[in-house]
Amino acid sequence: MSTDDTDGSFGQYGGQYVPEVLMPAIEELEDAYQRYVLDNEDGFMDEFRRRLADFGGRPLPLQRADRLSERYDTEVYLKREDLLHGGAHKLNNALGQVLLAKYMGKDRIIAETGAGQHGTATAMAAAHLDMPCEIYMGETDIARQRPNVFRMKINGADVNPVTVGRGTLKEAISETMRDWATNVEDTHYVIGSVVGPHPFPAMVRDFQSVISEEAREQIQEKAGRLPDSVLACAGGGSNTMGAFAHFVDDEAVDLVAVEAGGSSLTVDEENGVAPNSASLSTGNEGVLHGARTKLLQDGDGQIMESHSVSAGLDYSGVGPELAHLVDEDRVTPVNVGDDAALEAFHRLSQDEGIIPALETAHAFAFLEENPEKVGEVTIVNVSGRGDKDLETVIEETAKRDLDIAPDMSVFEQVGAGALGGQGGHE
Ligand SMILES: *Cc1c(COP(=O)(O)O)cnc(C)c1O
């Protein structure tokens, strides 16, 4: 489509808004992306695919969801990225970039992480490929994402706490950029989504596009045709671009990016807070983390804090290519709130036996609210599994009065104290 991989601009979005000291690293990476990823020099892509299969478990199933298909009177197919090693689509990209770093002769990996999913995937890929790995993570996030910190440490990565600002993803990205600028010779920075300066958005999309490459073939085998729509949740947009890439040229396939509507779409300008992460639906143009894109920002161009019950969607920006595809009317941005996402989390778990990530649950919440909008055959990208979210889900469910909530009184029955004792159905 109207993307341009040679200079990294997607319409008016994208680009390389980085300090001068980073330009040598960016140029070296651009060159490596062209040679190894696009031109398959030294068989890079063959090795990547072999490792995605043997280590990652690909190809992954496209599964018909029987109960949901009945409920919505439409054929619902699930692309099961939750079955990828590590439990989310993140490894497709982390493995690709760590392998690329090896081909580039780098001997040190750094990455940032918010919820810890990307840090975990990078730590796994680095252990697999025998590369030392350091992960920058805000102190607030370290405290609230303990299981993923354990996973990173257990895989042998160093976790560097970032104490500036609010101690979350935004600050962790800045710290990682600083490290990269001082260690460009031997270090590769593995960015976790289709964001950042060129070539990251294009390269991460290419590594993630295996999702739609498989799904496009599988749906034709299973349904005998292309889907009417593809739904994926969008934070930075990497599972989204991965799920859309091989359908972008099929104009008849609707591509729907489901953002986090959080608790409200109304912005608190005074305190610089957006109680949502809907940058495609409500943001406007600006520069963040090296690229021009759609952002949550106030009238003065200050980046606003975002919010979502799902940590992986909680980001003030979005990938530049996705922003462009929205402007071109090729991708439809929609959003659903925290409550609807929680309900959808429980529904998929109870009806299909799949506990989704809270991020993923947003895509299913859109389907629940708009079954008439997806056509006769739809693919939902199951970006990850929900084991990491269980504590949040129990806590957040207890605060609400959801019809579909499971009955957790078993903890009271054994005197263990309710995690969030909540009357369930009946
Ligand atoms: C990180 C994450 C997301 C959001 O990231 P994208 O780059 O927007 O895909 C979505 N789902 C899961 C399971 C994640 O771990």
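Conventions used here
Sequence positions are assigned chain by chain, starting from 1 and proceeding in written order. Totals for whole chains, interfaces and linings use all residues, but because this is a predicted model, local features are given only for residues with pLDDT of at least 70 and pairs of side-chain atoms are given and counted only at 80 or more. Neither water nor hydrogens contribute to the side-chain values; these are computed over all heavy atoms in the structure. Where helices and strands are cited, they refer to DSSP runs of H or I of at least four residues and of E of at least two residues respectively, numbered from the N terminus. Atoms counted for the radius of gyration: C-alpha only. Globule rule: 2.2 Å times the number of residues to the power 0.38. Under the scheme applied here, a residue whose accessible area is under 20% of the maximum for its type counts as buried, over 50% as exposed, and between as partly exposed, the area being computed with a 1.4 Å probe on protein chains only. By the convention used here, residues are in contact when the closest approach between their heavy atoms is within 4.5 Å. Surface accessibility follows the Shrake-Rupley procedure with a 1.4 Å probe radius. Residue values consider only the protein chains on display as shielding. Positive charges are assigned to Lys and Arg, negative charges to Asp and Glu, while His and the chain termini are left out of the count. Charge coordinates come from a single atom per side chain, which is NZ of Lys, CZ of Arg, CG of Asp or CD of Glu. Pairing of N or O atoms within 3.5 Å defines a polar contact, subject to two protein rules: one partner must be a possible hydrogen donor and the other a possible acceptor, and residues neighboring in sequence count only if both atoms are side-chain atoms. UniProt positions are given in the numbering used here, feature names are shortened, and annotations may be inferred rather than shown by experiment. For cavity detection a 1 Å grid was placed over the protein atoms alone, and a set of points counts as a cavity when a 1.4 Å probe fits there but cannot get out; an open set counts as a pocket when protein lies on both sides within 12 Å along at least five of seven lines, with lining residues being those that have an atom within 4 Å of a point. Grid points are joined across faces, edges and corners, and a volume is the space filled by probe spheres set on the points. When residues are sorted by character, Ala, Val, Leu, Ile, Met, Phe, Trp, Tyr, Cys and Pro go into the nonpolar class, Asp, Glu, Lys and Arg into the charged class, and all the rest, Gly among them, into the polar class. We call a residue near a molecule or strand when any one of its heavy atoms sits within 4 Å of it. Boundaries between domains were set according to an automatic or database domain assignment. Aromatic contacts are taken between Phe, Tyr and Trp rings whose centres are within 6.5 Å, Trp giving its six-membered ring; a plane angle under 30 degrees counts as stacked, one over 60 as edge-to-face, and the others as tilted. Summed over both partners, the accessible area lost on bringing two parts together, with a 1.4 Å probe, is the buried area. Here a salt bridge means any side-chain nitrogen of Lys or Arg lying within 4 Å of a carboxyl oxygen belonging to Asp or Glu. The span one expects for a helix is its residue count, reduced by one, times 1.5 Å. Each axis is a line fitted through C-alpha atoms, taken for helices only over the stretch in contact, and angles between the N-to-C directions span 0 to 180 degrees. In these notes the angle categories are as follows: under 35 degrees is roughly parallel, over 145 is roughly antiparallel, 65 to 115 is roughly perpendicular, and the rest is oblique. Left-handed describes a crossing whose near helix is turned anticlockwise from the far helix through less than a right angle; right-handed describes the clockwise counterpart.

Peer 1: Requested: an account of the overall build of the protein, with residues and values cited.
Peer 2: A count of helical and extended segments in the protein gives 17 helices and 14 strands. Computed over its C-alpha atoms, the radius of gyration of the protein comes to 20 Å, within 12% of the 22 Å expected for a compact globule of 426 residues. By its C-alpha atoms, the protein is 65 × 50 × 45 Å across when sized along the principal axes. When burial is assessed residue by residue, the protein has 59% of its 426 residues classed as buried. In the protein, once contacts between residues fewer than 6 apart in sequence are set aside, the share between residues at least 24 apart is 71%. Accessible area of the protein: about 16,500 Å², with a carbon and sulfur share of 45%. The distance from the centre of the 34 positive side-chain charges to the centre of the 75 negative ones in the protein is 4 Å.

Peer 1: Report on the side chain of Thr187, specifying residues and quantitative values.
Peer 2: As for its placement among the helices and strands, Thr187 is situated in strand β8 (residues 187-189). Taking the relative accessible area as the measure of exposure, Thr187 reaches 1% and is therefore buried. There is a polar contact of 2.9 Å between the side chain of Thr187 and the side chain of Asp186. Beyond its immediate stretch of four places on either side in the chain, Thr187 contacts Lys106, Arg108, Ile110 and Trp180.

Peer 1: With reference to specific residues and values, describe the UniProt feature "domain: Tryptophan synthase beta chain-like PALP" (unreviewed entry) in the protein.
Peer 2: Those residues carrying the UniProt feature "domain: Tryptophan synthase beta chain-like PALP" (unreviewed entry) are residues 56-380 in this numbering. In residues 56-380, the share of helix is 40% and the share of strand is 20%. The end C-alpha atoms are 20 Å apart.

Peer 1: With reference to specific residues and values, describe empty space enclosed by the protein.
Peer 2: To find leftover empty space, a probe the size of one water molecule is rolled over the atoms. Within this structure, the stated rule accounts for six cavities of 30 Å³ or more. The computed volume of the largest cavity comes to approximately 60 Å³. Looking at the lining of the largest cavity residue by residue, the class counts come to four nonpolar, five polar and two charged.

Peer 1: How would you explain the site of the ligand if you had to name every residue and give the values?
Peer 2: The ligand sits among 17 residues. The nearest are Lys90, Ser193, Gly237, Ser238 and Ser383. In this structure, Ser193 approaches the ligand through a side-chain N or O atom, which is 2.6 Å from an oxygen atom. At a separation of 2.7 Å, a nitrogen atom of the ligand approaches a polar side-chain atom of Ser383. Contact with the protein chains removes 97% of the 380 Å² of surface that the ligand exposes when unbound. Among the residues making up the shell around the ligand, the classes are represented as four nonpolar, eleven polar and two charged. Counting residues domain by domain, the shell around the ligand receives three or more from each of domain 1 (9-55 + 89-204) and domain 2 (62-87 + 209-398).

Peer 1: An account of the packing of aromatic side chains is needed here, citing residue identities and associated values.
Peer 2: One pass over the full model with this rule turns up nine aromatic pairs. Where Tyr36 meets Phe44, the ring centres are 6.2 Å apart and the plane angle is 45°; that geometry is what we call tilted. Neither residue differs from the other here; Tyr36 and Phe44 are each classed as buried. Grouping aromatic residues by their ring pairs yields a cluster made of Tyr36, Phe44, Phe48, Tyr103 and Phe207.

Peer 1: Help me get a handle on the domain arrangement of the protein, residues and values and all.
Peer 2: Domain annotation for the protein reports domain 1 (9-55 + 89-204) and domain 2 (62-87 + 209-398). The distance between the C-alpha centroids of domain 1 and domain 2 comes to 22 Å. On the domain 2 side, the residues contacting the 33 residues of domain 1 number 35 residues. Of all residues in domain 1, Tyr13, Tyr17 and His89 give up the largest surface area on contact with domain 2, accounting jointly for 25% of the area buried on that side. At the boundary of domain 1 with domain 2, the tally comes to two salt bridges. The closest approach of N and O atoms between Arg49 and Glu213, which form a salt bridge, is 3.2 Å. For the side of domain 1 that touches domain 2, the elements supplying multiple residues, two or more each, are β2 (13-14), α2 (44-54), α4 (90-103), α5 (117-128), α8 (169-182) and α9 (200-208). The greatest single-element share of the side of domain 1 that touches domain 2, amounting to four residues, is contributed by α8.

Peer 1: Break down helix α15 (residues 358-369) for me, citing the residues and quoting the values.
Peer 2: Between its terminal C-alpha atoms α15 stretches 17 Å, which fits the 16 Å expected from twelve residues at 1.5 Å a residue. Among the residues making up α15, those that are buried are Leu358, Glu359, Thr360, Ala361, His362, Ala363, Phe364, Ala365, Phe366 and Leu367.

Peer 1: Provide a residue-level description of the packing of α5 against helix α7 (residues 146-154), including the pertinent values.
Peer 2: Running from N to C, α5 and α7 point in directions that differ by 15°, and their axes come no closer than 9 Å. When the axis of α5 is compared with that of α7, the two are roughly parallel. Crossing angle aside, the handedness with which α5 passes α7 is left-handed. In this structure, α5 contributes Gln117, Gly119, Thr120, Ala123 and Met124 to the contact, and α7 contributes Asn148, Arg151 and Met152. The residue inventory of the contact of α5 with α7, partitioned by class, reads three nonpolar, four polar and one charged.

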